[in-house]
Amino acid sequence: MIRKTALIATGIAIGAGCATLGQQARALVGSSQALAATAETYKHLSLFGDVFDKVRADYVEKPDEQKLVENAINGMLTSLDPHSSYLDAKGFKDMRT
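Definitions and cut-offs
- Residues numbered from 1 in each chain as written.
- Predicted model: local features only at pLDDT ≥ 70, side-chain atom pairs only at ≥ 80, totals over all residues.
- Heavy atoms only, no water.
- Helix = DSSP H or I, 4+ residues; strand = E, 2+ residues; numbered from the N terminus.
- Buried < 20%, exposed > 50% of the residue type's maximum accessible area, 1.4 Å probe, protein only.
- Areas by Shrake-Rupley, 256 points an atom, 1.4 Å probe, with all protein chains shown as cover.
- Salt bridge = Lys/Arg side-chain N within 4 Å of Asp/Glu carboxyl O.
- Phe/Tyr/Trp six-rings, centres within 6.5 Å; stacked < 30°, edge-to-face > 60°.

Draft legend 1. Representation of the overall build of the protein within the structure. A count of helical and extended segments in the protein gives three helices and zero strands. Here the protein, with 97 residues, has 4% of them falling under the buried criterion. Approximately 8500 Å² of the protein is accessible, and the part contributed by carbon and sulfur atoms is 64%.

Here it is as structure tokens:
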């Protein structure tokens, strides 16, 4: 009886340990995938910065930098769905009145 109880207790302990290790492994895999996605996002943001600098430096007419950024933000939001868009402070104030 004591041996059976000890075996059951050992089985419970091993099962709990395996479950904990499994959860930690899943968390590590999820975390590494999140880090890879974050690294990819920063690569794209770096590309955006490079294009922005190139346009500012080499475009035929000097562009309005604020408009470039606002239009980039607006393009990002409108690509999500047709109901999302960017409002600058003035546009937001006008909408509220």
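Draft legend 2. Here's a closer look at the pattern of salt bridges. Summed over the entire model, instances satisfying the criterion amount to five salt bridges. Residue aspartate 53 is joined to arginine 56 by a salt bridge in which the shortest nitrogen-to-oxygen separation is 3.4 Å. With aspartate 53 and arginine 56 both in helix H1 (residues 2–58) and three residues apart, this pair spans about one turn of that helix. A residue is classified by how much of its surface remains accessible, and arginine 56, at 36% relative accessible area, is partly exposed. Connected through salt bridges with shared partners, the residues Asp53, Arg56, Lys62 and Glu65 form a single ionic network.

Draft legend 3. Layout of the packing of aromatic side chains. The tally for this structure, following the rule as stated, stands at one aromatic pair. Centre to centre, the rings of phenylalanine 48 and phenylalanine 52 are 6.2 Å apart; their planes meet at 25 degrees, and the pair counts as stacked. One end of the pair, phenylalanine 48, and the other, phenylalanine 52, are both in helix H1, four residues apart, so they sit about a helical turn from each other. The class of phenylalanine 52 is buried, set by a relative accessible area of 15%.

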